[in-house]
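Structural characterization, general
This is what each chain is made of:
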Amino acid sequence: SSKTFWTTTGMFPQELIIGFPKCVKISKIAIQCYLVRTLRIERSTSKDPVGFEQCVEKDLQHREGQLQMEEFPLPEFQATYLRFIIKSAFDHFVSVHRVMAEGT
């Protein structure tokens, strides 16, 4: 829902894990967030959320008063879980408003 979001508790790093019902192929990930400075995205193909490996890490641009909208086109890979690690921020608290994964 565009009316809901996930917010951090004030210290970093913070992480958010999203699980799929089965292993899927992903070719692009997009995120809408606020005040995130450094973001790392990892994946796991395990049946449990363990054994993550890094897909991408990026420093995001600060957009005062606006959501950051970032797209990460990636070589197609498989994942059962995605872990989003917010390593640092532009403020004490940040929010994640939407996460989208494209693929099959």
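As a starting point, this report considers the structure included with it. (Residues numbered from 1 in each chain as written. Predicted model: local features only at pLDDT ≥ 70, side-chain atom pairs only at ≥ 80, totals over all residues. Heavy atoms only, no water.)

1. Regarding the nonpolar core
Core analysis: the largest hydrophobic core is formed by 22 residues, its most contacted members being Ile 29, Leu 39 and Phe 84. Of all the secondary-structure elements, those providing two or more residues to this core are β2 (14-34), β3 (36-44) and β5 (68-89). With eight residues, the single largest contributor to this core is β5. If sequence neighbours within four positions are ignored, Phe 84 has contacts with Gln 14, Glu 15, Leu 16, Ile 18, Ile 29, Ile 31, Leu 39, Arg 40, Ile 41 and Val 99. (Core = buried A, V, L, I, M, F, W, Y, C linked by side-chain atoms within 4.5 Å. Buried < 20%, exposed > 50% of the residue type's maximum accessible area, 1.4 Å probe, protein only. Helix = DSSP H or I, 4+ residues; strand = E, 2+ residues; numbered from the N terminus. Contact = heavy atoms within 4.5 Å.)

2. Considering the sheet that holds strand β4 (residues 53-59)
Spatial strand order, β1-β6-β2-β5-β3-β4: six strands in an open sheet with antiparallel pairing. A strand with exactly one partner marks an edge of an open sheet, and here the two such strands are β1 (6-7) and β4. As paired elements, β1 and strand β6 (residues 95-103) share two bridges and run antiparallel to each other. Residue pairing in the sheet places Trp 6 in a bridge with Val 96 of β6. (Pairing = 2+ DSSP bridges.)

3. What to know about the environment of Gln 54
With respect to the element layout, Gln 54 can be found in strand β4. We classify Gln 54 as partly exposed; its relative accessible area is 46%. Sequence spacing of Gln 54 and Arg 83 is 29 residues, and the spatial spacing of their C-alpha atoms is 9.0 Å. The residues touching Gln 54, leaving out its near neighbours within four places in the chain, are Arg 40, Ile 41 and Glu 42. One polar contact links Gln 54 to Arg 40, side chain to side chain, over a distance of 3.3 Å. (Polar contact = N/O pair within 3.5 Å; in protein donor to acceptor, adjacent residues only side chain to side chain.)

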